[in-house]
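Working through the structure, step by step
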Amino acid sequence: MNKKDTDKKSKRLGDAELEIMMVLWGSSEPVTSTYILGQLKGRRNWALSTLMTTLSRLAEKGFVCCDRSTRTNYYSSLISEEDYKAQEGRTFLEKLYGNSVQNLVASLYQSKAISGKDLDELKQMIERIEQSEQQG
């Protein structure tokens with residue numbers, strides 16, 4: 001992994017930036033700023049200039065690429081949703097739970113954020129992962 005990849009992965013998205021990235025991740029092809037504004041309607045009442053400023057910031061952080069080869073600018077993500085979620089998950093687990101999945105699950109269970117059914121599903125998932133690792 002080069003320095004640019006490390007820098008990109010260590011940067012975090014603000015709430016508004018994350019909403020834009022969710023639009024980009026949800027699209028199978030590059031999109032225009034007008035498309036993004038349309039997708040954000042009802043969640044964000046932004047002027048085009050505000051969106052453009054935020055897109056520029058995302059480009060500076062290394063999250064977004066802008067294709068200016070045509071009269072219309074097209075935006076796409078440079079980091080996948082899965083990669084970002086994995087990085088954020090690791091950061092969250094490290095900062096709040098001292099890298100302890102057990103502490104995370106215990107906290108979620110004690111606060112009633114997850115149920116006994118959720119724990120059963122988690123056990124089944126762990127069993128599938130263990131079986132997969134044994135076979136691979």
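Our subject is the structure listed above.
Residues numbered from 1 in each chain as written. Predicted model: local features only at pLDDT ≥ 70, side-chain atom pairs only at ≥ 80, totals over all residues. Heavy atoms only, no water.

**Some remarks on the packing of helix α2 (residues 15-26) against helix α3 (residues 33-40)**
For the pair α2 and α3, the least separation of the axes is 10 Å and the interaxial angle reads 110 degrees. When the interaxial angle is binned, α2 and α3 end up roughly perpendicular. As for how α2 packs across α3, the hand of that crossing is right-handed. In this structure, α2 uses Glu19, Ile20, Val23 and Leu24 to contact α3, whose residues at the interface are Tyr35, Ile36, Gln39 and Leu40. (Axes fitted to C-alpha atoms, helices over the stretch in contact; angles between N-to-C directions. Helix = DSSP H or I, 4+ residues; strand = E, 2+ residues; numbered from the N terminus. Parallel < 35°, antiparallel > 145°, perpendicular 65-115°, else oblique. Left-handed = near helix turned anticlockwise from the far one by under 90°. Contact = heavy atoms within 4.5 Å.)

**Considerations on the nonpolar core**
Within the largest apolar cluster, 20 residues are counted, with the highest numbers of intra-cluster contacts made by Ile20, Met21, Leu24, Ile36, Leu58 and Phe63. Per element, the largest residue contribution to this core is six residues, and it comes from α2. (Core = buried A, V, L, I, M, F, W, Y, C linked by side-chain atoms within 4.5 Å. Buried < 20%, exposed > 50% of the residue type's maximum accessible area, 1.4 Å probe, protein only.)

**Quick notes on unusual backbone geometry**
One non-glycine residue with positive phi stands out, namely Asn99, at about 65 degrees. Turning to its location among the elements, Asn99 is positioned in the loop between α5 (81-97) and α6 (101-110). At Lys112, a residue that is not glycine, the phi angle is positive and equals roughly 65 degrees.

**Things to note about the packing of α5 against α6**
Axis separation between α5 and α6 bottoms out at 9 Å; the angle between their running directions is 80 degrees. It follows from the interaxial angle that α5 and α6 lie roughly perpendicular. Taking contact as the criterion, the partners of Phe92, Leu93 and Tyr97 in α5 are, on α6, Val101, Asn103, Leu104 and Ser107. Here the contact of α5 with α6 is built from residues that sort into five nonpolar, two polar and no charged. (Nonpolar A, V, L, I, M, F, W, Y, C, P; charged D, E, K, R; others polar.)

**A look at the environment of Leu58**
For Leu58, the location among the structural elements is in helix α4 (residues 48-61). Spatially, the C-alpha atoms of Leu58 and Thr34 are 17 Å apart, while their sequence positions differ by 24 residues. For Leu58, the residues in contact, after removing those within four places along its chain, are Leu13, Glu17, Ile20, Met21, Phe63 and Val64.

**Looking at the pattern of salt bridges**
The final tally for this structure, using the stated rule, is seven salt bridges. Among the salt bridges present, the one from Lys61 reaches Glu17, with a minimum N-O distance of 2.9 Å. Taken together, the positions of Lys61 in helix α4 and Glu17 in helix α2 put the pair 44 residues apart, joining distant regions of the chain. Ionic pairing is found between Asp120 and Lys123, a salt bridge with its closest N-O pair at 3.9 Å. On the criterion of helical spacing, the pair formed by Asp120 and Lys123 is a turn pair, its members being three residues apart in helix α7 (residues 116-135). When its relative accessible area of 41% is taken as the criterion, Asp120 is described as partly exposed. Through salt bridges with shared partners, a single network forms among Glu17, Arg57 and Lys61. (Salt bridge = Lys/Arg side-chain N within 4 Å of Asp/Glu carboxyl O.)

**Some words on α5**
An ideal rise of 1.5 Å per residue puts 24 Å on 17 residues; α5 measures up with 23 Å between its terminal C-alpha atoms. For α5, every residue scored as buried is listed here: Glu81, Tyr84, Gln87, Glu88, Thr91, Leu93 and Tyr97. Remark: Gly98 follows α5 within two positions and exhibits a positive phi of approximately 55 degrees. (Expected span 1.5 Å × (residues − 1).)

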